[in-house]
Amino acid sequence: MRGMFEAPAITAADKPALYRELASQVQGLLHGERNLIANAANFSALVFNTLPDISWCGFYFAEGDGLVVGPFQGKPACVRIARGRGVCGAAALSRQTQLVPDVAAFPDHIYCDGAAQSEVVVPLVRADGSLLGVWDVDSHRLARFDEDDAHGMEMLCTAFMKALG
Ligand code: SME
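Residues numbered from 1 in each chain as written. Predicted model: local features only at pLDDT ≥ 70, side-chain atom pairs only at ≥ 80, totals over all residues. Heavy atoms only, no water.

What the protein chain contains, in helices and strands, is four helices and six strands. Taking 15 Å as the expected radius of gyration for a compact globule of 165 residues, we find that the protein chain reaches 15 Å, a close match to that expectation. Projected onto its principal axes, the C-alpha coordinates of the protein chain cover approximately 45 × 35 × 25 Å. Burial statistics for the protein chain: of 165 residues in total, 44% are counted as buried. Considering only intrachain contacts with a sequence separation of at least 6, the fraction spanning at least 24 residues in the protein chain is 52%. (Helix = DSSP H or I, 4+ residues; strand = E, 2+ residues; numbered from the N terminus. Rg over C-alpha atoms; globule rule 2.2 N^0.38 Å. Buried < 20%, exposed > 50% of the residue type's maximum accessible area, 1.4 Å probe, protein only. Contact = heavy atoms within 4.5 Å.)

Structural data, given as structure tokens:
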């Protein structure tokens with residue numbers, strides 16, 4: 001029997017379809033709840049447990065000039081990231097999704113986990129234009145993420161931001 005918050009298995013034909021299905025699961029999971037921590041925690045758990053080859057996924061929230069870690073799944077991570085530093089800081093500053101197939105080739109990548117190989121980071125911008133933070137997903141596999149993943153993660157983040165109202 002499936003638990004109350006256990007998502008049904010996804011049987012998608014391709015990556016865009018997989019992310020569309022996952023986005024609808026996000027909507028269902030977060031429906032009716034606006035608490036940031038609760039939603040961020042469940043969102044991280046859903047993504048971590050659904051997508052293959054993810055070593056870490058979670059939130060960094062804007063605080064002052066920098067970012068501070070929020071709910072995540074995976075090993076303990078760097079707590080604070082200074083303004084503009086690392087892939088997360090680049091996403092926060094540019095407000096553009098950062099797709100990094102090989103973190104060793106990203107000049108300012110911050111290693112929270114020495115085994116990290118590839119990464120995608122999506123900026124989270126509120127309706128009023130202010131920055132909530134970023135959504136960061138890491139893998140131990142080189143080039144784990146492609147454009148379909150970047151767009152898919154953006155779709156998931158849109159569903160996440162919508163749920164917050
Ligand atoms: N690699 C990130 C730092 C966060 S950890 O990977 C969880 C970066 O370069 O911004």
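A few words on the layout of surface pockets. Space left empty within the atom packing is revealed by a probe, the size of a water molecule, rolled over the atoms. When its volume is computed, the largest pocket comes out at roughly 170 Å³. Residue lining of the largest pocket: 13 residues in total, with Asp65, Gly66, Ala92, Leu93 and Leu131 positioned closest to the centre. For the lining of the largest pocket, the element with the most residues is helix α3 (residues 86-94), which contributes three residues. Per-class residue counts for the lining of the largest pocket are six nonpolar, four polar and three charged. (1 Å grid on protein atoms, 1.4 Å probe; cavity = no way out; pocket = protein on both sides within 12 Å on 5 of 7 lines; lining within 4 Å. Points joined across faces, edges and corners; volume = space filled by probe spheres on them. Nonpolar A, V, L, I, M, F, W, Y, C, P; charged D, E, K, R; others polar.)

A few words now on the packing of aromatic side chains. Counting across every chain of the model gives eight aromatic pairs. Here the aromatic rings of phenylalanine 59 and phenylalanine 61 are separated by 5.8 Å at their centres, their planes lie at 25°, and the arrangement is stacked. The class of phenylalanine 59 is buried, set by a relative accessible area of 0%. Following the ring pairs from residue to residue traces out a cluster consisting of Phe43, Phe59, Phe61, Trp135 and Phe160. (Phe/Tyr/Trp six-rings, centres within 6.5 Å; stacked < 30°, edge-to-face > 60°.)

The final tally for this structure, using the stated rule, is one cavity of 30 Å³ or more. The calculated volume of the largest cavity comes to roughly 200 Å³. Lining the largest cavity are 18 residues, with Ile110, Cys112, Glu119, Asp136 and Asp138 sitting closest to its centre. For the lining of the largest cavity, the secondary-structure elements that each account for two or more residues are β1 (56-63), α3 and β6 (131-139). A total of three residues in the lining of the largest cavity trace back to one element, the largest contributor, which is α3. Per-class residue counts for the lining of the largest cavity are ten nonpolar, three polar and five charged.

If you walk through the whole model with that rule in mind, you get six salt bridges. For the salt bridge of aspartate 149 with lysine 15, the shortest nitrogen-to-oxygen distance reads 2.5 Å. With aspartate 149 in helix α4 (residues 147-164) and lysine 15 in helix α1 (residues 15-30), this pair connects stretches of sequence that are 134 residues apart. Here lysine 15 falls in the partly exposed class, since its relative accessible area comes to 26%. Measuring nitrogen to oxygen at the nearest pair gives 2.8 Å for the salt bridge that ties glutamate 63 to arginine 80. With a gap of 17 residues between them, glutamate 63 in strand β1 and arginine 80 in strand β3 (residues 80-81) connect regions that are remote in the sequence. Among the charged side chains, a network of salt bridges with common partners joins Lys15, Arg144, Asp146 and Asp149. (Salt bridge = Lys/Arg side-chain N within 4 Å of Asp/Glu carboxyl O.)

Honestly, that's just the spatial picture; any functional story needs more than this.
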